[in-house]
Number of protein chains: 2
Amino acid sequence: MIKELEIKLKQKGIRPTAMRLLVLEALSGQEAAVSLSDLEEVFEKSDRVTLYRTLKTFQENGLVHSIDDGTGAPKYALCEEGCECNIEQDLHVHFHCRMCRETFCLPKYKIPDIDLPGEFIPEEANLVVKGVCGKCSA
Amino acid sequence: MIKELEIKLKQKGIRPTAMRLLVLEALSGQEAAVSLSDLEEVFEKSDRVTLYRTLKTFQENGLVHSIDDGTGAPKYALCEEGCECNIEQDLHVHFHCRMCRETFCLPKYKIPDIDLPGEFIPEEANLVVKGVCGKCSA
DNA sequence: AAAAATCATGCACAGGAATTGCATTTATCA
DNA sequence: TGATAAATGCAATTCCTGTGCATGATTTTT
């Protein structure tokens, strides 16, 4: 259980400290993307900055990707198998629910290619659809 | 000149005060979207909060739309003729240059329709492409 | 196994930005 | 003109990212 998470970290070249295992475990149990503040509530005992740096480390090593859903605070979600979130073509769509304020990854929905005018050289893209999710519209 | 701006405000149901005329004039002369801080530099004498509320008023009355380009601060741009930025179908793409940090509206480029799973009810969408603009790549 | 070096963590604090409350001024309307 | 409503400016709050530095833990080297 914990062992699996430890392996996951090592595979990405991240030293498996207690803190990191806990954060990874918390992220694994989440369906929606979480913000730093969300995490802070889960780990009341820990320092905000440590969580901040933990997420940063995860991100730099391709374990999570961050989503800017327009709420002001970036959110983080575990990368799935084959989530090449650094490569332009593989960026997926995110959905932000205005009711529960949660943000979901839709890894199966890729951002369509936009054929921009020549003077614009694209490198990455971010598409957030906002609306109401299934739980909130029921 | 100023008269035109005044009419524009009145058409949208916004009382044409001096401040608002100045802000509208400043926005009209901009090719790229501007942030609150950008505006603040132009109007050094004025208060940040007033500018903030002016933009908010403009936005509520459909005179400008805001873009979240991921820089942390929302940017604002004048709506063009027929810019139905409240209506899902008409949302256009924005381009953010990582060199000059400017954000451009691409009104001719609409966000493609994403056929989401049924449980997600879309209401709006935001697509920001990041890269390098023509001026910076030359 | 001990010393040295590197890395992780926690605390304090700086800085930027959105946002609100309230008092004052300005404009509208009866 | 007097009453009412709206706009503005100032002060202050809150929230968040990010940095500096000291301490503790872990890895590496000798």
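Please read these numbers as outputs of a predicted model, since none were measured by experiment. (Residues numbered from 1 in each chain as written. Chains lettered and ligands numbered in written order. Predicted model: local features only at pLDDT ≥ 70, side-chain atom pairs only at ≥ 80, totals over all residues. Heavy atoms only, no water.)

### Comments concerning the interface of chain B and chain A
Line of reasoning, step 1. Contact with chain B, which involves 31 residues of that partner, is made by 32 residues of chain A.
Line of reasoning, step 2. Between R98 of chain A and E123 of chain B there is a salt bridge, with its nearest N and O atoms 2.6 Å apart.
Line of reasoning, step 3. Our count for the contact surface shared by chain B and chain A stands at 14 residue pairs in polar contact (both at pLDDT 80 or more).
Line of reasoning, step 4. Counting residues per element, the ones that place at least two in the side of chain B that touches chain A are β4 (92-97), β5 (103-110), β6 (121-132) and α5 (134-137) of chain B.
Line of reasoning, step 5. The element best represented in the side of chain B that touches chain A is β6 of chain B, accounting for 12 residues.
Line of reasoning, step 6. Here the residues of the side of chain B that touches chain A are counted per class, giving 19 nonpolar, five polar and seven charged.
Line of reasoning, step 7. The pairing of strand β6 (residues 121-132) of chain A with β6 of chain B spans 11 bridges and is antiparallel. Bridge pairing links V132 of chain A to I121 of chain B in β6 of chain B. (Contact = heavy atoms within 4.5 Å. Salt bridge = Lys/Arg side-chain N within 4 Å of Asp/Glu carboxyl O. Polar contact = N/O pair within 3.5 Å; in protein donor to acceptor, adjacent residues only side chain to side chain. Helix = DSSP H or I, 4+ residues; strand = E, 2+ residues; numbered from the N terminus. Nonpolar A, V, L, I, M, F, W, Y, C, P; charged D, E, K, R; others polar. Pairing = 2+ DSSP bridges.)

### Focus on the packing of aromatic side chains
Line of reasoning, step 1. This model, assessed by the stated rule, comprises four aromatic pairs over all chains.
Line of reasoning, step 2. Geometrically, the ring pair formed by F120 of chain A and F104 of chain B is tilted, given 5.8 Å between the ring centres and 55° between the ring planes. Remark: F104 of chain B occurs in strand β5 and F120 of chain A occurs in the loop between β5 (103-110) and β6; the pair is interchain, linking two chains. Residues F120 of chain A and F104 of chain B agree in their burial class; the two are buried.
Line of reasoning, step 3. Members of the aromatic cluster, connected to one another through ring pairs, are F95 and F104 of chain A together with F120 of chain B. (Phe/Tyr/Trp six-rings, centres within 6.5 Å; stacked < 30°, edge-to-face > 60°. Buried < 20%, exposed > 50% of the residue type's maximum accessible area, 1.4 Å probe, protein only.)

### Focus: the pairing of strand β4 (residues 92-97) of chain A
Residues and elements named next belong to chain A.
Line of reasoning, step 1. Of all six residues making up β4, six are buried, and the element is well covered by its neighbours.
Line of reasoning, step 2. In the sheet, β4 pairs with β5 via five bridges, with the strands oriented antiparallel. Note that in β5 the partner of H92 across the bridge is K110.
Line of reasoning, step 3. Between the end of β4 and the start of β5, which pair antiparallel, lie five residues, with R101 showing a positive phi angle near 65°.
Line of reasoning, step 4. As paired elements, β4 and β6 share four bridges and run parallel to each other. Looking across to β6, one finds that H96 is bridged to K130.

### Concerning the sheet that holds strand β3 (residues 75-78) of chain B
Pairing between sheet strands relies on hydrogen bonds along the backbone, with the strands arranged either parallel or antiparallel.
Residue and element names in this part refer to chain B.
Line of reasoning, step 1. Spatially, β1-β3-β2 is the arrangement adopted by the three strands of the open sheet, whose pairing is antiparallel. In this open sheet, the two edge strands, each paired with only one partner strand, are β1 (34-35) and β2 (64-67).
Line of reasoning, step 2. Bridge count for β1 against β3 is two bridges, and the pairing is antiparallel. Within β3, the residue paired with S35 across the bridge is K75.
Line of reasoning, step 3. Against the sheet, helix α2 (residues 18-28) engages β1, β2 and β3, with an angle of about 85° to β3.
Line of reasoning, step 4. Here helix α4 (residues 48-60) sits on the sheet in contact with β2 and β3, set at roughly 110° to β2. (Axes fitted to C-alpha atoms, helices over the stretch in contact; angles between N-to-C directions.)

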